[in-house]
Amino acid sequence: MADRRVVSGQYRRDSSSTSPSSPSRSLDSSNSSLDNVPGSVPRLSVSHHDGAGVPVRDEVPLLLGEKIEAVYQDIAFLCPFSSTGTGPIRGTLTVTNYRLYFRPHQRENPVILDIPLGFVARVDKVGGARTPGDNYGLEIFCKDIRNLRFALSKVDGHPRKDIFESLTANAFPLSHSGELFAYTYREQYPGNGWSVYDQAEELRRLGLPNESWAISRANEKYQLCDTYPAVVGVPAMISSEDLVEVAKFRSKGRIPVLSWLHPDSLASITRCSQPLVGVAGRRCREDERLVQNIMDANAQSHRIYIYDARPKVNAVANMAKGGGYESEDSYQNAEFVFLDIHNIHVMRESLRKVKDMCFPVIDDQRWLSNLEATHWLDHIKQILAGAVKIADKVENHKTSVVVHCSDGWDRTAQLTSLAMLLLDS
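Residues numbered from 1 in each chain as written. Predicted model: local features only at pLDDT ≥ 70, side-chain atom pairs only at ≥ 80, totals over all residues. Heavy atoms only, no water.

Novice: So what's going on with the overall build of the protein? Residues and values would help.
Specialist: Secondary structure summary: the protein contains 10 helices and 19 strands in total. When the 425 residues of the protein are sorted by exposure, 46% land in the buried category. Taking the contacts inside the protein whose residues are at least 6 apart along the sequence as the reference set, 60% of them involve residues at least 24 apart. Within the structure as shown, the protein displays about 22300 Å² of accessible surface, and the carbon and sulfur contribution to it stands at 52%. (Helix = DSSP H or I, 4+ residues; strand = E, 2+ residues; numbered from the N terminus. Buried < 20%, exposed > 50% of the residue type's maximum accessible area, 1.4 Å probe, protein only. Contact = heavy atoms within 4.5 Å. Areas by Shrake-Rupley, 256 points an atom, 1.4 Å probe, with all protein chains shown as cover.)

See below:
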């Protein structure tokens, strides 16, 4: 029997459409066979067979602007939770410009996969032309701990290259001269999303401008730092010319800027990136003056604490790459504390180990020892302990602090944000 599928609102006879090597042409929600009722999720009918050659029609949910890029028949999903001996789950794999949708042939309690492609971290080819059995196919690594494994048949002519390219092109559109689905969907909101957070309003909430702190627009065109907002809080005594020189001395141009100001003591939390001192021990008078101005803005204390999120050995190693940390000889009245939080690469490896112990099988007998071996809780402890130290220094010791790591993101953002949550109650 010839297969029938919906194309441009009409059925098209296609005797070859059940072939696994023939993906369907692109379909989208605007030509769905069902009426697109405003406010509802449009659905589009996709034909496949039930494993015995009998055509079956299923509906793939589509968002506005979502279109089906390809449909692949009789694909085997290697479900990690299937009972031993049940074998792979066979079904139809649909790839849209937004999601991966897998519908099995089985009608009772089907294992349906409906995964936004934004969840996909990477797609790998598994096995080669001579690989036997289910070891030939694709593995999809997701950002939510799941790994999805699909087995393909070389005998039936499954087009692995075509499926791989379809998935990667739609999961990573910016790397394939495409655009993110959000710009196609264009969801309508009652308000202007760009005005949800107003940096100038947040600084005014903290009490700026005042005699010690000013709202600066020196970065209005992002000429100082392209990863900072256009409006930043800086000591009132510092000039725009000094900020330009400081930006040259701090990694990625991330100068010390205000994150939080105590309403009573005026003790502050400022964040930045590492100074570019290098092995030669470079100095920047403007940077030293800026840190001094931050300390002077708080009349309650004549000391300032610089919290470096890194282990000291890492900070020293960064000197060989042109980075490093502040010298006690150059920054008067400053105390230096290293918080021993490892970098993003160590964190990712730790998280990978957490994923491996949780998916697909959990070893209950060795759960605690396996968890300890990941060091994940150690990393969490170090971040929380660092945030508590910062909050304690500001609240109880009425002392201003400067926080940075290497480039002033990841660890710096975690520490300052947590400290602000602890303080800003």
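Still more to cover.
Novice: Would you mind going over helix α4 (residues 240-249) in detail, with residue names and values included?
Specialist: Regarding α4, the residues found buried are Asp242, Leu243, Val246, Ala247 and Phe249. End-on, the buried residues of α4 take up no more than an arc of 155°, which puts them together on one face. Relative to its buried face, α4 has exposed residues pointing more than 90 degrees away, namely Glu241 and Lys248. The inward-facing, buried residues of α4 abut β13 (213-216), β14 (232-235) and α5 (285-296). (Arc of directions from axis to C-beta.)

Novice: How would you summarise the side chain of Ser216 if you had to cite specific residues and measurements?
Specialist: Residue placement: Ser216 occurs in strand β13. Judged by relative accessible area, Ser216 falls into the buried class, the value being 10%. Among all residues touching Ser216, those that are not within four sequence positions of it are Ala230, Val231, Val232, Val234 and Leu243.

Novice: Quick one: what's the story with the pattern of salt bridges, residue by residue and with numbers?
Specialist: In this structure the tally under the stated criterion is 20 salt bridges. For the salt bridge of Arg250 with Asp287, the shortest nitrogen-to-oxygen distance reads 2.8 Å. Remark: Asp287 occurs in helix α5 and Arg250 occurs in the loop between α4 and β15 (257-261); sequence separation between them is 37 residues. Each member of the pair, Arg250 as well as Asp287, is classed as buried. In this structure, Arg310 engages Asp308 in a salt bridge whose closest nitrogen and oxygen atoms are separated by 2.7 Å. Overall, the relative accessible area of 3% leaves Asp308 in the buried class. Through salt bridges with shared partners, a single network forms among Glu66, Arg99 and Asp114. (Salt bridge = Lys/Arg side-chain N within 4 Å of Asp/Glu carboxyl O.)

Novice: With reference to specific residues and values, describe a nonpolar patch on the surface.
Specialist: Taken together, Leu174, Leu180 and Tyr183 make up a surface patch of nonpolar side chains, about 330 Å² in accessible area. With respect to the helices, strands and loops of the structure, Leu174 is situated in the loop between α1 (160-171) and α2 (181-185). Judged by its relative accessible area of 60%, Leu174 is exposed. (Patch = residues over 30% accessible without salt bridge, like charges linked within 9 Å, V, L, I, M, F, W, Y side chains within 5 Å.)

Novice: I'd like to hear about the sheet that holds strand β16 (residues 268-271), residue by residue, with values.
Specialist: As summarised here, the arrangement of the 5 strands in space is β15-β16-β19-β17-β18, forming an open sheet in which the pairing is mixed. In the strand order of this sheet, the two ends are held by β15 and β18 (334-338), each with one partner. Along the sheet, successive strands turn relative to each other by an average axial angle of 25°, direction set aside. One ladder, built from 5 bridges, connects strand β17 (residues 304-308) with strand β19 (residues 400-404); its direction is parallel. (Pairing = 2+ DSSP bridges. Axes fitted to C-alpha atoms, helices over the stretch in contact; angles between N-to-C directions.)

Novice: Could you give an account of unusual backbone geometry, naming the residues involved and the relevant values?
Specialist: Excluding glycine, residues mostly carry a negative phi; peptide bonds, for their part, are mostly trans. Omega for the bond connecting Leu208 with Pro209 falls within 30 degrees of zero, at -5°, which places this linkage in the cis form. Relative to the assigned elements, Pro209 resides in the loop between α3 (199-205) and β13. A cis amide bond, omega 5°, links Phe359 with the succeeding residue Pro360. For Pro360, the location among the structural elements is in the loop between α7 (344-358) and α8 (367-374). Here Ile145, not a glycine, exhibits a phi torsion of approximately 85°, which is positive. As for its position among the elements, Ile145 is in the loop between β11 (137-142) and β12 (147-151). Residue classification places Ile145 among the partly exposed positions, given a relative accessible area of 33%. Of note, the phi angle at Lys252 is positive, near 60°, even though the residue is not glycine. With respect to the helices and strands, the residue Lys252 is situated in the loop between α4 and β15.

Novice: Before we move on, can you summarise the nonpolar core with the specific residues and values?
Specialist: Ranked by internal contacts, the top residues of the largest apolar core, which has 54 residues, are Leu243, Ile255, Ile269, Ile390 and Val401. If we ignore the near neighbours within four places in the chain, the residues touching Ile255 are Leu224, Tyr228, Leu243, Val246, Ala247, Arg250, Arg271 and Cys272. (Core = buried A, V, L, I, M, F, W, Y, C linked by side-chain atoms within 4.5 Å.)

Novice: Before we move on, could you go through helix α9 (residues 376-395) and cite the residues and values that matter?
Specialist: Given a rise of 1.5 Å per residue, 20 residues ought to cover 28 Å, and the 29 Å separating the end C-alpha atoms of α9 matches this to within 8%. Along α9, the positions that sit buried rather than exposed are His379, Ile383, Gly386, Ala387, Ile390, Ala391, Lys393 and Val394. Projected onto a plane normal to the axis of α9, the buried residues spread over an arc of 165° and lie on a single side. Facing away from the buried surface of α9 by more than 90 degrees, the exposed residues are Leu377 and Lys381. Here the buried face of α9 lies against β15, β16, β17, α7, β19 and α10 (411-423). (Expected span 1.5 Å × (residues − 1).)

Novice: How would you summarise the environment of Leu224 if you had to cite specific residues and measurements?
Specialist: Relative to the elements of secondary structure, Leu224 occurs in the loop between β13 and β14. On the basis of relative accessibility, which here comes to 13%, the residue Leu224 falls in the buried class. Along the chain, Leu224 and Ile255 lie 31 residues apart, while their C-alpha atoms are 8.4 Å from each other. Setting aside its immediate chain neighbours within four residues, Leu224 contacts Ala218, Asn219, Leu243, Val244, Ala247, Gly253 and Ile255.

Keep in mind that these numbers describe shape and distance, not what the molecule does.
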